[in-house]
Amino acid sequence: MKATVFFEPGTLPPETERLRAEVREFLAAEEASGGFTPVADSWVSGADPVFSRKLGERGWLGMAVPRKYGGAERTALERFVVIEELLAAGAPVAAHWIADRQIAPALLQHGTEAQKERFLPGIASGRTLFSIGLSEPDSGSDLASVRTKATRTEGGWLVEGTKIWTTGAHIADAVVALVRTGPAGESRHEGLSQMIVTLPDDGVEIRPIRSLDGAHHFNETVFTGAFVPEDMVLGTIGNGWQQVTGELAYERSGPERFLSTALLLRLLAARDDADSRVIGALTARLWTLRQASIAVAVQLSEGAAPDTAAAVVKDLGTRFEREVIDAARATGVRPDLASIDPFTRVLAESVVRAPGSTLRGGTNEILRGIIARALGVR
Amino acid sequence: MNSDLHLLENTASDIFAGYRDRPGLWEEIEDTGLTLVGVPEKAGGSGGDSTEAVIILRAAAYHCAEIPLAETQWLAAPLLAAAGLPVPAGPLTAAEAAHDEVRLTADGDGWVLDGTLPQVPWARQAGRIVVVTDGRLCSVDASHCTFETHHNLAGEPRDDVTFDSVYLTAADVAALPEGPSLRLRAALARTVQLAGAARRALDHSLRYAGERRQFGRPIAAFQAVQQYLAEMAGEVALMDLGAQVAAAALADPRQDSEVAVAAARVNACRAAGVVAELAHQIHGAIGTTHEHDLRRATLRLWSWREEYGNEHAWSTVLGRLTSAASEDPWHLVTAPTT
């Protein structure tokens, strides 16, 4: 038995440094003028549609989308640089996050020409926001067990069932739901399909689920016979499992998997009472995880699907986020969500938002199961 | 990794695996040119880049080869070459003198070296010892030195070396060349070696977990054991990646490689502890015996993580860089690597 988990080193093209400088300049100006308040876990907890539109104006959303669909026609590695800078600054990117990270690539890969023309320009400008419906009340880590069902009707489908943890559904213009359109089969992966349900819709009820800090990011989204016209099926009927799992390496290896507390680390390092040895140790881990994330991004841009390496980034990256919190606690500062002191507030945000990071997008136990399978012991 | 590099890795691995406990390993790898891969050809080396040098040293570490390859290939030979001094055949080693440990005094056309350097790796086995002191680099004939025997936890020789008025000709001494310090090179070399030893510990653990049966099934069937193995595999993959990226940075004269080496080093030293601990947990009591081969990997992990600065020392270096002049951790880690 031989271990098969490796990272092939990758580098960001040198020309992305100019782009990085532009993003930093923009962020500094925006923060100085009160355009945004940096927050922890900003890709889930920091929704600001106005800020999203500002990014869209600069061509920093839907970056890899072709120009004919309103995109910037830049590379995935250029997008990497932009999002890592936004995340490290705690900029509010949650409103457009799903649309930019998942929906734009899914539309480009599986969408019809009409779907691309209808949705991509809005995604690239930050005016069309998406939510994604995967989990259900009885279907968390075991995604193949989804029960939300679409049945054929005149000209399309009727969707019935309940999706949960639908981030941002209350501000989204559409939700992409994974639904059952046929029997699961022996593999349990058959009979699933993805459908675009535009919002608002009389057959869709969106109920808020408040998080630990009382904030509203999650929803329960109930489909009570929502009509989905045939042309709003995304991809192929019955191919939903492959479509959803095919993007997991993108979802799991990105910088959002280790940067949710980067703002806290930067604020900690700026304090006079920071222990430089501790800051150095965290910086070293951050450097390493970022190299791993870049390695996966380069592989993805070359057409590979390094799912196992992506699982490593998310498992170890999310655990690193916790280490930053413990280091910040060593200051003795008591976390306070209402504090006007940024460090005190961001520490509080980091603490109460921490549990989500090792759950969403595949729990760490599931991820280690994926790695164990690659090692041949499962 | 392309097919040429795979071939190099397989070739090196085959040689190192075949020479366990048998003499002649050094001669064979020297004959094939492997000991000087990464050293420029015009300086008498074999040429090749940092990727190839990493592959060879990592393979040697994986197979616990008992030779001063890191000291020759990564320290002595590159420093001699950079200083314009001849790179002799045979095993070499190198050491940097801390303040007042040695004294180099001019004597006519030559120099005289006095003092003692502690725990120099493989000193007794080396033909020449490269000594860095006081802005100069000396190539010292090891037969002119005296030794006091010491070993690291893994039993590798780390003798104290005494220079008792050792005379050096002018041709044996040069100005210390520009470029990465001996300590930085050595910290990186041990990092590459840690990655190799850690992969050995992981492979042993995978094999043992598949073979050892308890409660009627292989222990690898237990989820707790699977999760340990997955954690080890992730740490090993990251150590390996960090070592490769840092080696490429160090080999590139256009960049300051201190951040990359320090970060890779901190990460690897920390991970070495995690990997060794989990490997032993998976092996149970048999892994704690002198007879079991796991010892060769884990004792090296525990030794090499301490040599040339452990994670605490290098964390302090990185931490000081972050507190210097408006640098924050994010700017430090995103500084371009090429």
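About the criteria used
Residues numbered from 1 in each chain as written. Chains lettered and ligands numbered in written order. Predicted model: local features only at pLDDT ≥ 70, side-chain atom pairs only at ≥ 80, totals over all residues. Heavy atoms only, no water. Phe/Tyr/Trp six-rings, centres within 6.5 Å; stacked < 30°, edge-to-face > 60°. Helix = DSSP H or I, 4+ residues; strand = E, 2+ residues; numbered from the N terminus. Buried < 20%, exposed > 50% of the residue type's maximum accessible area, 1.4 Å probe, protein only. Lys NZ or Arg CZ within 6 Å of the ring centre and 35° of its normal. UniProt positions renumbered as here; feature names shortened; annotations may be inferred. 1 Å grid on protein atoms, 1.4 Å probe; cavity = no way out; pocket = protein on both sides within 12 Å on 5 of 7 lines; lining within 4 Å. Points joined across faces, edges and corners; volume = space filled by probe spheres on them. Nonpolar A, V, L, I, M, F, W, Y, C, P; charged D, E, K, R; others polar. Pairing = 2+ DSSP bridges. Axes fitted to C-alpha atoms, helices over the stretch in contact; angles between N-to-C directions. Contact = heavy atoms within 4.5 Å. Buried area = accessible area lost by both parts, 1.4 Å probe. Salt bridge = Lys/Arg side-chain N within 4 Å of Asp/Glu carboxyl O. Polar contact = N/O pair within 3.5 Å; in protein donor to acceptor, adjacent residues only side chain to side chain. Domains from an automatic or database assignment.

### Remarks on the packing of aromatic side chains
In this structure the tally under the stated criterion is seven aromatic pairs over all chains. With 5.8 Å between their ring centres and 50° between their planes, Trp43(A) and Trp97(A) make a pair best called tilted. With a gap of 54 residues between them, Trp43(A) in helix H2 (residues 42–45) and Trp97(A) in helix H5 (residues 94–110) connect regions that are remote in the sequence. The two residues Trp43(A) and Trp97(A) agree in class, both being buried. On the basis of an interplanar angle of 80° and a centroid distance of 6.1 Å, the ring pair of Phe215(B) and Phe222(B) is categorised as edge-to-face. Every member of this aromatic cluster is reached through a ring pair, and the members are Phe26(A), Phe36(A), Phe51(A) and Trp60(A). Above the plane of the ring of Phe6(A) lies Arg199(B), whose end atom (NZ or CZ) is 3.9 Å from the centre.

### Notes on the UniProt feature "domain: Acyl-CoA oxidase/dehydrogenase middle" (unreviewed entry) in chain A
Here, UniProt's "domain: Acyl-CoA oxidase/dehydrogenase middle" (unreviewed entry) annotation points to residues 132–216 of chain A. For residues 132–216 of chain A, the end-to-end C-alpha separation is 16 Å, with 0% helix and 45% strand making up the annotated structure.

### What to know about empty space enclosed by the protein
To find the voids left in a structure, one rolls a probe of water-molecule size over its atoms. Residues and elements named next belong to chain B. Scanning the model with the defined rule gives four cavities of 30 Å³ or more in all. In this structure, the second largest cavity encloses a volume near 100 Å³. Along its surface, the second largest cavity is lined by 16 residues, and Ala65, Ile67, Glu156, Gln193 and Trp304 are the ones closest to its centre. Among the elements of the structure, helix H3 (50–62), helix H4 (69–83), helix H5 (182–211) and helix H8 (294–304) are those that each provide at least two residues to the lining of the second largest cavity. Taken together, the residues of the lining of the second largest cavity break down into 10 nonpolar, one polar and five charged.

### Examining the sheet that holds strand S2 (residues 102–107) of chain B
By way of backbone hydrogen bonds, the strands of a sheet pair with one another, either parallel or antiparallel. Residues and elements named next belong to chain B. Strand order in the open sheet formed by four strands is S2-S3-S7-S6, with antiparallel pairing between adjacent strands. Sheet topology places S2 and strand S6 (146–148) at the edges, where each strand pairs with a single neighbour. The sheet shows a mean angle of 15° between the axes of neighbouring strands, direction not considered. In this sheet, strand S7 (residues 158–168) lies alongside S6 in antiparallel orientation, the contact comprising three bridges. Bridge pairing in S7 places Thr146 opposite Thr162.

### Topic: the interface of chain B and chain A
Listed per partner, the contact involves 48 residues of chain B and 47 residues of chain A. Counting the surface lost from both chain B and chain A, the interface buries some 4200 Å², and carbon and sulfur atoms represent 65% of this. Taken together, the connections running from chain B to chain A amount to four salt bridges. At the surface where chain B touches chain A, the tally comes to 12 residue pairs in polar contact (both at pLDDT 80 or more). Elements that contribute at least two residues to the side of chain B that touches chain A include exactly H5, helix H6 (223–251), helix H7 (258–283), helix H9 (311–323) and helix H10 (329–334) of chain B. For the side of chain B that touches chain A, the residue count by class is 24 nonpolar, 16 polar and eight charged.

### Considering the domain arrangement of chain B
One frequently used descriptor of interface size is the decrease in accessible area upon assembly of the parts. Residues and elements named next belong to chain B. In terms of domain boundaries, chain B breaks down into domain 1 (1–65), domain 2 (88–177) and domain 3 (182–334). The C-alpha-based centres of domain 1 and domain 3 are spaced at 21 Å. On the domain 3 side, the residues contacting the nine residues of domain 1 number 18 residues. Counting the surface lost from both domain 1 and domain 3, the interface buries some 1200 Å², and carbon and sulfur atoms represent 62% of this. Of all residues in domain 1, Arg58, Tyr62 and Cys64 bury the most surface against domain 3, accounting for 46% of the area lost on that side. Where domain 1 packs against domain 3, one counts one salt bridge. In this structure, Asp240 engages Arg58 in a salt bridge whose closest nitrogen and oxygen atoms are separated by 2.7 Å. In this assembly, domain 1 and domain 3 are joined by three residue pairs in polar contact (both at pLDDT 80 or more). Residues of the side of domain 1 that touches domain 3, tallied by class, amount to five nonpolar, two polar and two charged.

### What about the sheet that holds strand S8 (residues 173–175) of chain B?
All names here are of chain B. One open sheet holds the four strands; their spatial order is S1-S4-S5-S8, and the pairing between them is mixed. A single partner strand is all that each edge strand has here, and the edge strands are strand S1 (92–96) and S8. Averaged over all neighbouring strand pairs, the angle between strand axes comes to 20°, with direction disregarded. Here five bridges tie S1 to strand S4 (residues 128–133), and the two strands are oriented parallel to one another.

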